[in-house]
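# Fold and geometry: a report
Here is how the chains run, residue by residue.
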Amino acid sequence: MAECPHFEHLLVLPRLRVQNANAISSPLTHGFPSITALLGLMWALERKTQAAGLDLQFNAVGVIAHDHQEQVTDGGFVRSFRLTRNPLDKDSSTAAIVEEGRIHLDISLVFAVQSQALLDAQAAPAVAAQVRNVVAAMRIAGGSVIESPAPRGRQRPYVVSLTGDAEDREKLFNQLKLRLLPGFALVERSDLLEQRHHDMQVQHPAPTRLDAWLSLSRINWHWRDGQWRHDRQQLGWIVPIPLGYGALGELQPAGSVANARDRDTPFRFAESLYGIGQWLSPHRLHSPQQLLWYADSCPENGLYRCRNDYRPTPAHEFDFN
């Protein structure tokens, strides 16, 4: 089982306003950008910061959503994306409309960073400000960052160095959680998918994990005890999410596939992998690893996956005294 890579610092970019980000996260899901887009942002940011002379190694990323506004039609049970009108063709005919989902976001990004430069408490704020300036010129899930040139207060980036003992790191993370409120962090809940699959096996002969995923992706109503009840009472705010890509064939040599975007990189046809996520208030997290997402690639098995180490804490493990 993969584990979150080692890190000593959390670089926080709070309250980023993103306009017209991609709301279609996969062929089957929408409503928030895919976590793969945030990992792509992290890797692109690492290349840009190294080109700018900053010695920063980005190992994982977490996202907290403070507000969102999906660009869909209002009113009615069925909603549609608000689409732009394409220009006319050369012969003055109407061009086909390619559906694009857009969303405005107010998010905070938390990067797990390994760097000697951040050990200097005096230099860390300047490094964080420089990273934020780089991000301001980039795209986040296809959306533009709309920020003031000199952020103040809650919008100012900062670094949390987790270099003390376990008690000190816990205290620092507890302070960080409060600074990220109000908002919701996206975590993975593969345990809910396994539990639903197990429950369905008791009632049906041969349900698949796809059946369990579809069951968790909707609100199921049942007539029980003389009234209609749904199955979301104890589940919380769970959502279907893409978790990466699965290979459809063998790895092809670089330049061997026509019309590939990059002819210097080996090519592989793939499709989306799906799982279950949950939006949790940051104060319910107990460690930075529960917040962060990282890449777990296994090319020999054809898996290119995003992972998160969140595990629910049983109530009996709390000391209520």
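Each remark here, short or long, concerns the structure printed above.
First, a word on what this report is: a plain description of the structure on this page.

## Description of the pairing of strand 1 (residues 9-22)
- Counting buried positions along strand 1 gives ten out of 14 residues, so the element sits mostly inside the fold.
- The pairing of strand 1 with strand 5 (residues 143-145) spans two bridges and is classified as antiparallel. Counted as the bridge partner of Gln19 is Ser144 from strand 5.

## Some thoughts on the packing of aromatic side chains
- The full count for this structure, using the stated rule, is six aromatic pairs.
- Here the aromatic rings of Phe267 and Phe269 are separated by 4.9 Å at their centres, their planes lie at 80 degrees, and the arrangement is edge-to-face.
- Given the relative accessible area of 25%, Phe267 is considered partly exposed.
- An aromatic cluster of three or more residues is present, and its members are Phe32, Phe184, Trp237 and Trp279.
- A cation over an aromatic ring shows up here: Arg179 above the ring of Tyr158, its NZ or CZ 3.7 Å from the ring centre.

## Some details on the pairing of strand 11 (residues 270-280)
- Summarising the sheet, strand 7 (residues 184-188) and strand 11 pair through four bridges and their orientation is antiparallel. Each bridged residue has a counterpart across the sheet, and for Val187 the counterpart in strand 11 is Gln278.

## As for the side chain of Ser115
- Topologically, Ser115 is positioned in the loop between strand 3 (102-114) and helix 2 (124-136).
- Accessibility expressed as a relative area gives 6% for Ser115, which makes it buried.
- For Ser115, the side chain forms a polar contact with the main-chain oxygen of Asp55, separated by 2.6 Å.
- If near-sequence neighbours (up to four positions away) are discounted, Ser115 is found in contact with His9, Asp55 and Leu56.

Definitions and cut-offs
Residues numbered from 1 in each chain as written. Predicted model: local features only at pLDDT ≥ 70, side-chain atom pairs only at ≥ 80, totals over all residues. Heavy atoms only, no water. Buried < 20%, exposed > 50% of the residue type's maximum accessible area, 1.4 Å probe, protein only. Helix = DSSP H or I, 4+ residues; strand = E, 2+ residues; numbered from the N terminus. Pairing = 2+ DSSP bridges. Phe/Tyr/Trp six-rings, centres within 6.5 Å; stacked < 30°, edge-to-face > 60°. Lys NZ or Arg CZ within 6 Å of the ring centre and 35° of its normal. Polar contact = N/O pair within 3.5 Å; in protein donor to acceptor, adjacent residues only side chain to side chain. Contact = heavy atoms within 4.5 Å.

Bear in mind that shape data such as this cannot, by itself, settle questions of function.
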